[in-house]
Amino acid sequence: NMSYTVAESDQYNQAINYAYNNGVTIVCASGNYSSELIYPASHESTIAVGAIDSLNYKATVSNYGSGLDLVAPGVVIWSTARSNDNYYGFDSGTSFSAPHITGVVALMLSVNPNLTPDEIRSILNGTAQKINPNTYLYNNSGWNVSVGYGLVDAYAAVIAARDYSISGPPVV
């Protein structure tokens, strides 16, 4: 799970590609207060996560645009983030959304540890709930610029991961 912004560089691209090529699923926060994804969420091998509010609308802080995969809760999320009184605090942003997806990925891998990063992305995006369809017009592929493929559906993703099998010719 990556919830930060860095300048794109050959070193970061090599690290992301190495992890991806070795079966690591990389989940990234899409960033805040822009109409495009930040790096590393904009890297094609990462799963880019935006934020929604409690009414299932894109959070005003959430970045969006080409490459956004899906969304998760990201407004007024309680966290172990340090607060003024040194207890739990809350905050908003895509850094609070991405861990939801990371947790779902862990659950998916617990029922099917052989899933590849591409299969995980496909399952997450394919099982995402289409939220507020009167506001977010999804294209023929089921994608929208503001919320990607929709809201993560943990239950549906885990069931799909459990039941996932590759179809094709038998091994000779």
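**Some points on empty space enclosed by the protein**
Here is step 1 of the chain: With the rule as written, the count across this model stands at one cavity of 30 Å³ or more.
Here is step 2 of the chain: Approximately 40 Å³ is the volume found for the largest cavity.
Here is step 3 of the chain: Residue lining of the largest cavity: Y20, V24, T25, I26, S45, T46, I47, P117, D118 and R121, and that is the complete set.
Here is step 4 of the chain: Breaking the lining of the largest cavity down by element, the ones donating at least two residues are β2 (46-52) and α3 (117-127).
Here is step 5 of the chain: In terms of residue count, α3 provides more of the lining of the largest cavity than any other element does, three residues in total.
Here is step 6 of the chain: Of the residues belonging to the lining of the largest cavity, the class tally is five nonpolar, three polar and two charged.

**Structural notes on helix α2 (residues 98-111)**
Here is step 1 of the chain: Under the 1.5 Å per step criterion, the end-to-end length of α2 is 21 Å for 14 residues, consistent within 8% with the ideal 20 Å.
Here is step 2 of the chain: Restricting attention to buried positions, one finds in α2 the residues A98, I101, V104, V105 and M108. Seen from one end, α2 has its buried residues packed into an arc of 120 degrees, which puts them on one side.
Here is step 3 of the chain: The secondary structure elements touched by the buried residues of α2 are β1 (26-29), β2, β3 (68-73), α3 and α4 (154-163).

What counts, and where the lines are drawn
Residues numbered from 1 in each chain as written. Predicted model: local features only at pLDDT ≥ 70, side-chain atom pairs only at ≥ 80, totals over all residues. Heavy atoms only, no water. 1 Å grid on protein atoms, 1.4 Å probe; cavity = no way out; pocket = protein on both sides within 12 Å on 5 of 7 lines; lining within 4 Å. Points joined across faces, edges and corners; volume = space filled by probe spheres on them. Helix = DSSP H or I, 4+ residues; strand = E, 2+ residues; numbered from the N terminus. Nonpolar A, V, L, I, M, F, W, Y, C, P; charged D, E, K, R; others polar. Expected span 1.5 Å × (residues − 1). Buried < 20%, exposed > 50% of the residue type's maximum accessible area, 1.4 Å probe, protein only. Arc of directions from axis to C-beta. Contact = heavy atoms within 4.5 Å.

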